[in-house]
Amino acid sequence: MADLLPILYQQMAEMTAPLCGSGSLECAQFCQKKYRCCEKQYCEATAKFAREKYGVELQPTGNPDLPFMGEHGCTVAPHLRPICTLHVCSISWAAKSSIENDEQKTKAYFDLRDRILAEARREGKMFE
Ligand code: SF4
Ligand code: SF4
């Protein structure tokens, strides 16, 4: 059976991608920053997670600000950067967490998030 976590994280990446850089209020607060909410410390946490949980040594792209940022976005597979993949500003920073202020989409996000966290715990692949 295919490894479930990479599939679920990929689904999460696809679910949240349209919200990033979309001009939403929560995203717009980072628009002055070249890479929006990405920060070096999260790249470092990603490198540690990939090494410790998957035995993968991630290769830096040469980007001077963010080790894993490539020309067309982050180069790390969604399941190797769980903190980044699960994060979306309208959930984390909004007065009321939502995906596009849509009840069904918001529920779908939290359902998928719960599935991911349960599977990560089961596989011993939780992040700090
Ligand atoms: S995570 Fe937030 S700041 Fe970063 S691109 Fe997505 S919505 Fe914008
Ligand atoms: S999404 Fe990629 S580039 Fe951005 S902080 Fe996470 S690992 Fe670094």
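Described in the following lines is the structure provided in the data block. (Residues numbered from 1 in each chain as written. Chains lettered and ligands numbered in written order. Predicted model: local features only at pLDDT ≥ 70, side-chain atom pairs only at ≥ 80, totals over all residues.)

The subject of this paragraph is the site of ligand 1. Lining the immediate environment of ligand 1, one finds Leu19, Cys20, Gly21, Glu26, Cys27, Phe30, Arg36, Cys37, His87, Val88 and Cys89. Residue composition of the shell around ligand 1, grouped by class: 7 nonpolar, 2 polar and 2 charged. (Near = placed C-beta within 6 Å. Nonpolar A, V, L, I, M, F, W, Y, C, P; charged D, E, K, R; others polar.)

Across its 13 residues, helix H1 (residues 4-16) extends 19 Å between first and last C-alpha, which sits within 8% of the 18 Å expected from 1.5 Å per residue. For H1, the set of buried residues is Leu5, Leu8, Tyr9, Met12 and Thr16. What you see down the axis of H1 is that its buried residues fit within an arc of 95°, all on one side. Turning to H1, the residues buried within the fold contact helix H4 (82-86) and helix H6 (103-123). (Helix = DSSP H or I, 4+ residues; strand = E, 2+ residues; numbered from the N terminus. Expected span 1.5 Å × (residues − 1). Buried ≥ 20, exposed ≤ 12 C-beta atoms within 10 Å, placed from the backbone. Arc of directions from axis to C-beta. Contact = placed C-beta atoms within 7 Å.)

Here the focus is the site of ligand 2. Taken together, Cys38, Glu39, Tyr42, Cys43, Thr46, Leu66, Phe68, Met69, Cys74, Val76, Arg81 and Cys84 form the complete shell of residues around ligand 2. In terms of residues, the shell around ligand 2 owes the most to one element, helix H3 (residues 40-54), which gives 3 residues. Classifying every residue of the shell around ligand 2 by side-chain character gives 9 nonpolar, 1 polar and 2 charged.

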